[in-house]
Amino acid sequence: MQISPSSCDEERERIEIELLLEGIYRHYGYDFRNYAASSIRRRLWHRVNTWGLGSISALQDRVLHDPASMAELMSSLSVSVTEMFRDPELFAVFRKECAPRLRQLPSIRFWHAGCSTGEEVLSMAILLEEEGLLERARLYATDMNEEALEQARTGVFHLRKMREYTRNYLLSGGKEEFSEYYTVKNEHAVFHPRFLENVVFAQHNLATDQSFNEFHVIFCRNVLIYFNKTLQDRVHELFYDSLAVGGVLGLGNRESINFIARADCYETILPHEKLYRKVR
Ligand SMILES: C[S@@+](CC[C@H](N)C(=O)[O-])C[C@H]1O[C@@H](n2cnc3c(N)ncnc32)[C@H](O)[C@@H]1O
(Lines give C-alpha, C1' and ligand atoms only; values in the text may rest on other atoms or scores of the structure.)
Protein backbone atom coordinates (compact mmCIF):
# COMPACT_ATOMS: atom_id res chain seq x y z
CA MET A 1 0.00 0.00 0.00
CA GLN A 2 1.29 3.46 -0.92
CA ILE A 3 1.03 6.09 1.79
CA SER A 4 0.86 9.65 0.50
CA PRO A 5 3.07 12.20 2.31
CA SER A 6 0.04 14.09 3.60
CA SER A 7 -1.65 11.05 5.13
CA CYS A 8 1.71 10.09 6.60
CA ASP A 9 2.03 13.58 8.17
CA GLU A 10 -1.49 13.37 9.51
CA GLU A 11 -0.84 9.96 11.03
CA ARG A 12 2.38 11.19 12.66
CA GLU A 13 0.57 14.23 14.04
CA ARG A 14 -2.19 12.02 15.41
CA ILE A 15 0.41 9.85 17.16
CA GLU A 16 2.18 12.90 18.58
CA ILE A 17 -1.08 14.31 19.95
CA GLU A 18 -2.05 10.97 21.50
CA LEU A 19 1.37 10.65 23.15
CA LEU A 20 1.24 14.22 24.45
CA LEU A 21 -2.26 13.80 25.94
CA GLU A 22 -1.31 10.43 27.45
CA GLY A 23 1.81 12.03 28.96
CA ILE A 24 -0.16 14.93 30.42
CA TYR A 25 -2.66 12.50 31.91
CA ARG A 26 -0.03 10.24 33.43
CA HIS A 27 2.21 13.03 34.68
CA TYR A 28 -0.31 15.67 35.79
CA GLY A 29 -3.63 13.77 36.00
CA TYR A 30 -5.47 16.09 33.56
CA ASP A 31 -7.36 13.96 31.10
CA PHE A 32 -7.80 15.58 27.67
CA ARG A 33 -7.70 12.25 25.84
CA ASN A 34 -11.40 12.33 25.02
CA TYR A 35 -11.74 15.93 23.98
CA ALA A 36 -13.01 16.71 20.47
CA ALA A 37 -9.99 16.12 18.22
CA SER A 38 -10.28 19.16 15.95
CA SER A 39 -10.49 21.71 18.75
CA ILE A 40 -7.65 20.08 20.74
CA ARG A 41 -5.48 20.02 17.64
CA ARG A 42 -6.11 23.70 16.92
CA ARG A 43 -5.29 24.72 20.49
CA LEU A 44 -2.13 22.62 20.67
CA TRP A 45 -0.82 24.13 17.45
CA HIS A 46 -1.61 27.59 18.77
CA ARG A 47 0.72 26.85 21.71
CA VAL A 48 3.38 25.33 19.46
CA ASN A 49 3.38 28.51 17.38
CA THR A 50 3.20 30.92 20.34
CA TRP A 51 6.25 29.28 21.88
CA GLY A 52 8.06 29.05 18.55
CA LEU A 53 8.35 25.26 18.76
CA GLY A 54 8.59 23.03 15.71
CA SER A 55 6.22 20.21 16.59
CA ILE A 56 3.73 18.69 19.00
CA SER A 57 6.56 16.44 20.25
CA ALA A 58 8.54 19.54 21.20
CA LEU A 59 5.46 20.74 23.08
CA GLN A 60 5.37 17.43 24.93
CA ASP A 61 9.00 17.80 25.93
CA ARG A 62 8.34 21.29 27.26
CA VAL A 63 5.17 20.67 29.27
CA LEU A 64 6.33 17.40 30.79
CA HIS A 65 9.48 19.06 32.12
CA ASP A 66 8.03 22.40 33.13
CA PRO A 67 4.86 22.65 35.28
CA ALA A 68 4.59 26.40 34.56
CA SER A 69 4.30 25.62 30.84
CA MET A 70 1.66 23.01 31.67
CA ALA A 71 -0.32 25.68 33.51
CA GLU A 72 -0.17 27.90 30.41
CA LEU A 73 -1.19 25.06 28.15
CA MET A 74 -4.03 24.30 30.54
CA SER A 75 -5.41 27.79 30.05
CA SER A 76 -5.25 27.33 26.26
CA LEU A 77 -7.10 24.02 26.49
CA SER A 78 -9.75 25.27 28.86
CA VAL A 79 -11.87 27.72 26.89
CA SER A 80 -13.20 30.05 29.54
CA VAL A 81 -15.40 32.37 27.45
CA THR A 82 -18.59 33.15 29.36
CA GLU A 83 -21.11 35.92 30.13
CA MET A 84 -23.64 36.83 32.75
CA PHE A 85 -27.15 35.68 31.78
CA ARG A 86 -25.68 34.06 28.66
CA ASP A 87 -28.50 33.03 26.30
CA PRO A 88 -30.95 35.13 28.32
CA GLU A 89 -34.05 33.32 27.02
CA LEU A 90 -32.93 30.20 28.86
CA PHE A 91 -32.80 32.13 32.12
CA ALA A 92 -36.22 33.62 31.32
CA VAL A 93 -37.67 30.13 30.85
CA PHE A 94 -35.93 28.90 33.98
CA ARG A 95 -37.42 31.80 35.93
CA LYS A 96 -40.93 31.17 34.61
CA GLU A 97 -41.09 27.38 34.35
CA CYS A 98 -38.64 26.03 36.94
CA ALA A 99 -38.48 28.52 39.80
CA PRO A 100 -42.15 28.00 40.84
CA ARG A 101 -41.56 24.24 41.27
CA LEU A 102 -38.35 24.80 43.22
CA ARG A 103 -40.33 26.97 45.62
CA GLN A 104 -41.94 23.77 46.94
CA LEU A 105 -38.58 22.47 48.20
CA PRO A 106 -37.24 23.37 51.65
CA SER A 107 -33.66 23.40 50.35
CA ILE A 108 -32.34 23.42 46.81
CA ARG A 109 -28.99 22.20 45.53
CA PHE A 110 -27.52 23.50 42.28
CA TRP A 111 -24.45 22.30 40.41
CA HIS A 112 -22.85 24.58 37.85
CA ALA A 113 -20.33 22.26 36.18
CA GLY A 114 -17.69 24.05 34.11
CA CYS A 115 -18.51 27.37 35.77
CA SER A 116 -15.44 29.12 34.38
CA THR A 117 -14.96 32.59 35.92
CA GLY A 118 -18.30 32.53 37.71
CA GLU A 119 -20.63 34.69 35.59
CA GLU A 120 -23.22 31.93 35.18
CA VAL A 121 -23.51 30.98 38.85
CA LEU A 122 -23.65 34.64 39.87
CA SER A 123 -26.48 35.17 37.37
CA MET A 124 -28.33 32.24 38.92
CA ALA A 125 -27.79 33.64 42.43
CA ILE A 126 -29.28 36.99 41.33
CA LEU A 127 -32.26 35.27 39.71
CA LEU A 128 -32.81 33.18 42.86
CA GLU A 129 -32.70 36.23 45.09
CA GLU A 130 -35.30 37.94 42.94
CA GLU A 131 -37.48 34.82 43.17
CA GLY A 132 -37.06 34.65 46.95
CA LEU A 133 -35.12 31.38 46.72
CA LEU A 134 -31.52 32.31 47.35
CA GLU A 135 -31.62 31.78 51.12
CA ARG A 136 -32.60 28.14 50.78
CA ALA A 137 -30.24 27.44 47.88
CA ARG A 138 -26.74 26.04 47.88
CA LEU A 139 -24.88 26.42 44.62
CA TYR A 140 -21.86 24.25 43.86
CA ALA A 141 -19.80 25.81 41.11
CA THR A 142 -17.00 23.62 39.77
CA ASP A 143 -14.39 23.77 37.07
CA MET A 144 -11.17 21.92 36.31
CA ASN A 145 -9.35 25.22 35.92
CA GLU A 146 -8.19 26.56 39.29
CA GLU A 147 -7.21 29.92 37.78
CA ALA A 148 -10.76 30.47 36.52
CA LEU A 149 -12.14 29.49 39.95
CA GLU A 150 -9.88 32.01 41.67
CA GLN A 151 -11.34 34.74 39.50
CA ALA A 152 -14.87 33.40 40.08
CA ARG A 153 -14.50 33.62 43.86
CA THR A 154 -13.97 37.39 43.66
CA GLY A 155 -17.32 38.27 42.04
CA VAL A 156 -15.49 41.08 40.24
CA PHE A 157 -15.73 41.73 36.49
CA HIS A 158 -14.45 44.43 34.22
CA LEU A 159 -16.81 47.37 33.85
CA ARG A 160 -16.67 47.24 30.06
CA LYS A 161 -18.69 44.01 30.17
CA MET A 162 -21.54 45.53 32.16
CA ARG A 163 -23.42 47.01 29.21
CA GLU A 164 -23.80 43.57 27.63
CA TYR A 165 -24.52 41.89 30.97
CA THR A 166 -27.22 44.47 31.76
CA ARG A 167 -28.84 43.84 28.38
CA ASN A 168 -28.76 40.08 28.99
CA TYR A 169 -30.18 40.56 32.48
CA LEU A 170 -33.15 42.56 31.15
CA LEU A 171 -33.78 40.01 28.38
CA SER A 172 -33.72 37.23 30.98
CA GLY A 173 -36.70 38.80 32.75
CA GLY A 174 -34.76 40.81 35.33
CA LYS A 175 -36.80 43.72 36.57
CA GLU A 176 -34.50 45.54 38.98
CA GLU A 177 -31.87 48.17 38.34
CA PHE A 178 -28.92 45.88 37.50
CA SER A 179 -26.36 48.45 38.64
CA GLU A 180 -27.81 48.21 42.17
CA TYR A 181 -26.18 44.80 42.44
CA TYR A 182 -22.60 46.01 42.20
CA THR A 183 -20.36 48.88 43.15
CA VAL A 184 -17.78 50.32 40.82
CA LYS A 185 -14.14 50.24 41.84
CA ASN A 186 -11.12 50.88 39.60
CA GLU A 187 -12.95 50.19 36.34
CA HIS A 188 -14.46 47.03 37.79
CA ALA A 189 -17.92 45.96 38.91
CA VAL A 190 -17.74 44.43 42.40
CA PHE A 191 -20.88 42.35 42.98
CA HIS A 192 -22.44 42.37 46.42
CA PRO A 193 -20.94 39.51 48.51
CA ARG A 194 -24.40 38.30 49.54
CA PHE A 195 -24.76 36.67 46.10
CA LEU A 196 -21.77 34.41 46.69
CA GLU A 197 -22.53 33.52 50.31
CA ASN A 198 -24.30 30.29 49.33
CA VAL A 199 -21.92 29.42 46.52
CA VAL A 200 -19.23 26.77 47.02
CA PHE A 201 -16.48 26.92 44.40
CA ALA A 202 -14.42 23.76 43.98
CA GLN A 203 -12.13 22.10 41.51
CA HIS A 204 -13.82 19.14 39.82
CA ASN A 205 -12.88 17.44 36.60
CA LEU A 206 -15.75 16.01 34.57
CA ALA A 207 -13.38 13.64 32.76
CA THR A 208 -12.05 11.92 35.87
CA ASP A 209 -14.02 12.84 39.02
CA GLN A 210 -17.18 11.34 40.42
CA SER A 211 -20.49 12.77 41.55
CA PHE A 212 -20.43 14.40 44.98
CA ASN A 213 -24.09 15.08 45.85
CA GLU A 214 -27.67 14.89 44.62
CA PHE A 215 -28.90 18.05 42.92
CA HIS A 216 -32.19 19.62 41.93
CA VAL A 217 -30.60 21.63 39.15
CA ILE A 218 -27.50 20.94 37.08
CA PHE A 219 -26.24 23.52 34.59
CA CYS A 220 -23.41 22.44 32.32
CA ARG A 221 -23.44 24.82 29.40
CA ASN A 222 -20.91 25.14 26.61
CA VAL A 223 -18.63 22.47 28.06
CA LEU A 224 -19.80 19.23 26.41
CA ILE A 225 -19.21 20.66 22.93
CA TYR A 226 -15.48 20.33 23.61
CA PHE A 227 -15.76 16.59 24.38
CA ASN A 228 -15.97 13.60 22.07
CA LYS A 229 -18.90 11.18 22.25
CA THR A 230 -17.19 8.85 24.75
CA LEU A 231 -16.61 11.67 27.23
CA GLN A 232 -20.04 13.21 26.60
CA ASP A 233 -21.59 9.83 27.46
CA ARG A 234 -19.55 9.60 30.67
CA VAL A 235 -20.61 13.08 31.76
CA HIS A 236 -24.26 12.47 30.93
CA GLU A 237 -24.19 9.34 33.11
CA LEU A 238 -22.63 11.42 35.89
CA PHE A 239 -25.39 14.04 35.57
CA TYR A 240 -28.12 11.41 35.43
CA ASP A 241 -26.77 9.82 38.61
CA SER A 242 -26.46 13.22 40.30
CA LEU A 243 -29.88 14.63 39.44
CA ALA A 244 -32.99 14.05 41.57
CA VAL A 245 -36.09 12.87 39.72
CA GLY A 246 -37.95 16.06 38.76
CA GLY A 247 -34.61 17.91 38.66
CA VAL A 248 -33.57 20.18 35.81
CA LEU A 249 -30.61 19.82 33.46
CA GLY A 250 -29.51 22.95 31.59
CA LEU A 251 -27.24 22.68 28.54
CA GLY A 252 -25.67 25.14 26.10
CA ASN A 253 -27.24 26.34 22.86
CA ARG A 254 -25.31 23.89 20.70
CA GLU A 255 -25.78 20.92 23.05
CA SER A 256 -28.71 18.58 23.62
CA ILE A 257 -29.77 15.27 25.12
CA ASN A 258 -30.67 13.80 21.71
CA PHE A 259 -28.70 10.63 21.08
CA ILE A 260 -27.67 10.06 24.69
CA ALA A 261 -28.46 6.67 26.21
CA ARG A 262 -30.80 8.20 28.80
CA ALA A 263 -32.65 10.56 26.44
CA ASP A 264 -36.00 8.98 27.32
CA CYS A 265 -35.41 9.73 31.01
CA TYR A 266 -35.81 13.47 30.33
CA GLU A 267 -38.57 15.70 29.00
CA THR A 268 -37.99 19.03 27.28
CA ILE A 269 -39.31 21.86 29.43
CA LEU A 270 -40.00 24.14 26.48
CA PRO A 271 -39.26 23.39 22.81
CA HIS A 272 -36.04 25.00 21.55
CA GLU A 273 -34.71 25.73 25.04
CA LYS A 274 -31.96 23.52 26.41
CA LEU A 275 -33.68 22.84 29.71
CA TYR A 276 -34.68 19.27 30.48
CA ARG A 277 -36.52 17.68 33.39
CA LYS A 278 -35.50 14.24 34.62
CA VAL A 279 -38.70 12.22 34.69
CA ARG A 280 -37.43 8.75 35.64
C1 LIG B 1 -16.79 27.95 27.61
S2 LIG B 1 -16.68 27.78 29.34
C3 LIG B 1 -18.38 27.70 29.79
C4 LIG B 1 -18.71 28.56 30.99
C5 LIG B 1 -20.20 28.64 31.34
N6 LIG B 1 -20.71 27.34 31.67
C7 LIG B 1 -20.97 29.26 30.23
O8 LIG B 1 -21.72 28.58 29.52
O9 LIG B 1 -20.86 30.47 30.03
C10 LIG B 1 -16.12 26.09 29.49
C11 LIG B 1 -15.56 25.75 30.86
O12 LIG B 1 -15.50 24.33 30.97
C13 LIG B 1 -14.37 24.01 31.71
N14 LIG B 1 -14.00 22.62 31.46
C15 LIG B 1 -13.47 22.08 30.34
N16 LIG B 1 -13.22 20.78 30.51
C17 LIG B 1 -13.60 20.48 31.78
C18 LIG B 1 -13.57 19.30 32.56
N19 LIG B 1 -13.10 18.16 32.07
N20 LIG B 1 -14.02 19.35 33.83
C21 LIG B 1 -14.51 20.50 34.34
N22 LIG B 1 -14.54 21.66 33.66
C23 LIG B 1 -14.08 21.65 32.40
C24 LIG B 1 -13.32 24.99 31.22
O25 LIG B 1 -12.25 25.09 32.15
C26 LIG B 1 -14.15 26.27 31.09
O27 LIG B 1 -14.07 27.04 32.24
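Structure: see above.
All figures in this text were calculated on a predicted structure; none of them were measured in a lab.

### Regarding the environment of Ser39
- Here Ser39 lies in helix H2 (residues 37-50).
- Between the alpha carbons of Ser39 and Leu159 there is a distance of 30 Å; along the sequence they are 120 residues apart.

### As for the side chain of His216
- As for its placement among the helices and strands, His216 is situated in strand E7 (residues 215-220).
- With sequence-adjacent residues up to four places away left out, His216 is seen in contact with Leu102, Leu105, Ser107, Ile108, Arg109, Leu243, Ala244, Gly247 and Val248.

### Side note on the layout of surface pockets
- By volume, the largest pocket amounts to about 420 Å³.
- If you go around the largest pocket, you meet 26 residues; those closest to its centre are Val79, Gly114, Asp143, Asn222 and Val223.
- Classifying every residue of the lining of the largest pocket gives 12 nonpolar, 8 polar and 6 charged.
- What the second largest pocket holds in volume is close to 270 Å³.
- At the level of secondary structure, the elements contributing two or more residues to the lining of the second largest pocket comprise helix H1 (5-28) and H2.
- With 6 residues, H1 is the largest single contributor of residues to the lining of the second largest pocket.
- Of the residues belonging to the lining of the second largest pocket, the class tally is 6 nonpolar, 2 polar and 6 charged.

### Describing the site of the ligand
- With respect to spatial proximity, 20 residues lie near the ligand, and among them Tyr35, Thr82, Arg86, Asp143 and Asn222 are the closest.
- One of the side-chain N or O atoms of Asn222 is found 2.8 Å from an oxygen atom in the ligand.
- In isolation the ligand has 600 Å² of accessible area, and contact with the protein removes 99% of it.
- When its residues are assigned to classes, the shell around the ligand shows 8 nonpolar, 8 polar and 4 charged.

### Things to note about the pairing of E7
- Counting buried positions along E7 gives 6 out of 6 residues, so the element sits mostly inside the fold.
- In this sheet, E7 lies alongside strand E1 (residues 108-113) in parallel orientation, the contact comprising 3 bridges. Each residue of the ladder has a partner; that of Phe110, found in E7, is Val217.
- Here E7 pairs with strand E8 (residues 243-251) via 5 bridges, running parallel. Among the inter-strand pairings, Cys220 is bridged to a residue of E8, identified as Leu251.
- Handedness of the crossover joining E7 and E8 through helix H9 (residues 229-242) is recorded here as right-handed.

Criteria and thresholds
Residues numbered from 1 in each chain as written. Predicted model: local features only at pLDDT ≥ 70, side-chain atom pairs only at ≥ 80, totals over all residues. Heavy atoms only, no water. Helix = DSSP H or I, 4+ residues; strand = E, 2+ residues; numbered from the N terminus. Contact = heavy atoms within 4.5 Å. 1 Å grid on protein atoms, 1.4 Å probe; cavity = no way out; pocket = protein on both sides within 12 Å on 5 of 7 lines; lining within 4 Å. Points joined across faces, edges and corners; volume = space filled by probe spheres on them. Nonpolar A, V, L, I, M, F, W, Y, C, P; charged D, E, K, R; others polar. Near = heavy atom within 4 Å. Polar contact = N/O pair within 3.5 Å; in protein donor to acceptor, adjacent residues only side chain to side chain. Areas by Shrake-Rupley, 256 points an atom, 1.4 Å probe, with all protein chains shown as cover. Buried < 20%, exposed > 50% of the residue type's maximum accessible area, 1.4 Å probe, protein only. Pairing = 2+ DSSP bridges. Right-handed = clockwise from strand over helix to strand, strands pointing away.

The analysis is restricted to geometry; functional conclusions fall outside its scope.
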